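# Notes for the structure review
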2 protein chains.
Amino acid sequence: MADHSADQEAWASALHSHGRRVTKQRLAVLAAVQHNPHSPAEGILAAARKDLPELTAQSVYVVLSDLTDLQMLRRFEPPHSPALYETRVGDNHHHAVCISCGRVEDVDCAVGHAPCLTPHWDEHSKPMTIQIADVLYQGICQDCQAKQQLPTQTQVTTK
Amino acid sequence: MADHSADQEAWASALHSHGRRVTKQRLAVLAAVQHNPHSPAEGILAAARKDLPELTAQSVYVVLSDLTDLQMLRRFEPPHSPALYETRVGDNHHHAVCISCGRVEDVDCAVGHAPCLTPHWDEHSKPMTIQIADVLYQGICQDCQAKQQLPTQTQVTTK
DNA sequence: GCACTTATTATGAGTCCTTCACAATAAGGC
DNA sequence: GCCTTATTGTGAAGGACTCATAATAAGTGC
């Protein structure tokens, strides 16, 4: 167990710099997200309640969305899954999710700091000024590959 | 109004090839998605009901998810939005959403057929076998840029 | 340190999107 | 045309998240 108070102070000053009050709820949520990256609100609630049992789910939702707006947290929504949160922000990394078990891995940007930031628009579309390019990789993690020694590797979606 | 029956037959044979029965509900949903790309289930229901008023929302959900599994439709979920559907499948294109108005544009793949398909894993992650790489661009479309001649271009999220 | 103001949190209910269980219907093979 | 069974319709339920309001407590000034 490393020096928690150092983290606490870092979070506190970050909150201050955004004009937010430093509450134990926010610190608990931040710590929970830090120690459980890629967790949904429910998981963050469970983790934070170990330190702060009276914390409510609604507070977690409020805190998470506020801190996400402040860019102190990053939120992403894999298909068929509730939103996941992480403290790793500002480094333009991406995510890979296992379509079998749902496990999530971070993927560093392969193309520098702004991957694929120059879309080639198709004919009929009105271009946009792109600010973010999120890449979501989907595949099968090694664990799941080992478990299901697939008989056929082609799609077996014939119902 | 082009030749609808041609489309109908194409959908019908596609359904057959997947072992599905050809029903007016499925055809209505497929036509609705084709004519309203990037529509949510509710919008597809509304569009399909113009041809088939007795169609129910639940049927639309069932049909959409089944056809998505069959890869006859493609589904994607922008942040803070219900799932959107389109008939353009198998061409590995991506999407750009306007963070202001929610408008969605197709973006052709900038890097050939498999963009960014070779993630650089960070140190601690177990690599996965990547099958899909979805890119979600977020920005501001021209219309919204024109409407809000932003006074400050930095973030005004100080509440 | 002690009020006081107001941001935050807790409480409770409500919304939206989607799915489930089961009965009614109809597509397609015979 | 009939029969089997996939599909659809009906009605209700579930999960994830948000909203309105009251209670609480951070941070400010005295």
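These numbers were taken from a predicted model, which means no experiment stands behind them.

## Some remarks on the sheet that holds strand 3 (residues 84-86) of chain A
Residues and elements named next belong to chain A. Taken in spatial order, the three strands of this open sheet run 1-3-2, and their pairing is antiparallel. Of all the strands in the sheet, the pair left with one neighbour each is strand 1 (39-40) and strand 2 (74-76). One ladder, built from two bridges, connects strand 1 with strand 3; its direction is antiparallel. Following the sheet pairing, S39 is matched in strand 3 by Y85.

## Some words on the protein's contact with DNA strand D
Around DNA strand D sit 18 residues, and of these V22 of chain A together with T23, Q25, R26 and S59 of chain B come closest. Put simply, 71% of the atoms of DNA strand D that lie within 4 Å of the protein are in sugar or phosphate. Contacts to DNA strand D include R21 of chain A, whose side-chain N or O atom sits 3.0 Å from a base nitrogen. R26 of chain B has a polar side-chain atom sitting 2.4 Å from a sugar or linking oxygen of DNA strand D. Among the secondary structure elements, those contributing two or more residues to the surface near DNA strand D are helix 4 (57-69) of chain A together with helix 2 (24-35) and helix 4 (57-69) of chain B. Among the elements that take part in the surface near DNA strand D, helix 4 of chain B stands out by supplying three residues, more than any other. Residue classes in the surface near DNA strand D are distributed as six nonpolar, seven polar and five charged.

## Comments concerning the state of the cysteines
On inspection of all chains with the given rule, the structure shows zero disulfides over all chains. For the unlinked cysteine C101 of chain A, the closest cysteine sulfur is that of C144 of chain A, found at 3.6 Å. Taking relative accessible area as the criterion, C101 of chain A reaches 46% and is therefore assigned partly exposed. Looking at the unpaired C141 of chain B, the closest cysteine sulfur is the one in C144 of chain B, lying at 3.7 Å. Take C141 of chain B: its relative accessible area is 1%, and that puts it in the buried class.

## Describing the pattern of salt bridges
Residues and elements named next belong to chain A. Counted according to the given criterion, the structure contains 20 salt bridges over all chains. D134 is the partner of R74 in a salt bridge, and the nearest nitrogen-oxygen pair spans 3.1 Å. With R74 in strand 2 and D134 in strand 7 (residues 128-141), this residue pair connects regions lying 60 residues apart in the sequence. Note on D134: relative accessible area 22%, which makes it partly exposed.

## Section: the environment of S59 of chain B
One can find S59 of chain B in helix 4. For the pair formed by S59 of chain B and Q148 of chain B, sequence separation is 89 residues and the distance between their alpha carbons is 40 Å.

## Observations regarding the packing of helix 3 (residues 41-51) of chain A against helix 4 of chain A
Residues and elements named next belong to chain A. Direction vectors running N to C along helix 3 and helix 4 enclose 110°, while the axes themselves pass 10 Å from each other. In terms of orientation, helix 3 lies roughly perpendicular with respect to helix 4. Crossing angle aside, the handedness with which helix 3 passes helix 4 is right-handed. Every residue of helix 4 that contacts helix 3 at A41, I44, L45 and R49 is listed here: A57, V60, Y61 and L64.

## Points about the packing of helix 2 (residues 24-35) of chain A against helix 3 of chain A
Residues and elements named next belong to chain A. Helix 3 packs onto helix 2 with a crossing angle of 115° between their chain directions and a minimal axis gap of 8 Å. In terms of orientation, helix 2 lies roughly perpendicular with respect to helix 3. Along this stretch, helix 2 crosses helix 3, giving a crossing that reads as right-handed. Residue-level inspection shows A28, V29, A32 and V33 of helix 2 in contact with helix 3, the latter providing I44, A47 and A48.

## A short note on the protein's contact with DNA strand C
Taken together, the neighbourhood of DNA strand C is formed by 19 residues, with T23, Q25, R26 and S59 of chain A together with V22 of chain B sitting nearest. Put simply, 74% of the atoms of DNA strand C that lie within 4 Å of the protein are in sugar or phosphate. With respect to DNA strand C, the backbone of E54 of chain A contributes an N or O atom lying 3.2 Å from a phosphate oxygen. Here A83 of chain B contributes a backbone N or O atom positioned 3.1 Å from a phosphate oxygen of DNA strand C. In terms of residue count, helix 4 of chain A provides more of the surface near DNA strand C than any other element does, three residues in total.

## Focus on the environment of G43 of chain B
Mapped onto the elements of the fold, G43 of chain B is located in helix 3 (residues 41-51). Judged by relative accessible area, G43 of chain B falls into the partly exposed class, the value being 29%.

## Considering the sheet that holds strand 1 (residues 39-40) of chain B
As summarised here, the arrangement of the three strands in space is 1-3-2 (chain B), forming an open sheet in which the pairing is antiparallel. This sheet does not close on itself; its edge strands, each paired only once, are strand 1 and strand 2 (74-76) of chain B.

Calculation criteria
All chains use their own residue numbering, which begins from 1 and follows the written sequence. The order in which chains are written sets their letters, starting at A; the order in which ligands are written sets their numbers, starting at 1. Per-residue local features of the predicted model are confined to residues with pLDDT of at least 70, and side-chain atom pairs are confined, for both listing and counting, to 80 or more; whole-chain, interface and lining totals are unaffected and use all residues. Computation of side-chain values covers all heavy atoms of the structure but excludes hydrogens and water. The rule for pairing is simple: two strands pair if DSSP sees at least two bridges between them. Put simply, DSSP H or I for four residues or longer makes a helix, DSSP E for two residues or longer makes a strand, and each gets a number counted from the N terminus. Nearness is judged by heavy atoms alone; a residue qualifies as near a molecule or strand once a single heavy atom is within 4 Å of it. We define a polar contact as two N or O atoms separated by no more than 3.5 Å, with the added condition that, inside protein, one atom must be a possible hydrogen donor and the other a possible acceptor, whereas residues neighbouring each other in sequence contribute only through side-chain atom pairs. Any residue outside Ala, Val, Leu, Ile, Met, Phe, Trp, Tyr, Cys, Pro, Asp, Glu, Lys and Arg is labelled polar, Gly included; the first ten of those are nonpolar and the last four are charged. A pair of sulfur atoms, both from cysteines and within 2.5 Å, is called a disulfide here. Each residue's exposure class comes from its accessible area (1.4 Å probe, protein chains only) as a fraction of the maximum for that residue type: buried when under 20%, exposed when over 50%, partly exposed otherwise. Here a salt bridge means any side-chain nitrogen of Lys or Arg lying within 4 Å of a carboxyl oxygen belonging to Asp or Glu. To get an axis, fit a line to the C-alpha atoms, keeping to the stretch in contact for a helix; angles then go from 0 to 180 degrees between the N-to-C directions. Any angle between 65 and 115 degrees counts as roughly perpendicular, while under 35 counts as roughly parallel, over 145 as roughly antiparallel, and the rest as oblique. In a left-handed crossing the near helix is turned counterclockwise from the far helix by less than a right angle, and in a right-handed crossing that turn is clockwise. Any two residues whose heavy atoms approach within 4.5 Å are treated as being in contact.

Without other data, these values stay purely geometric and don't point to any function.
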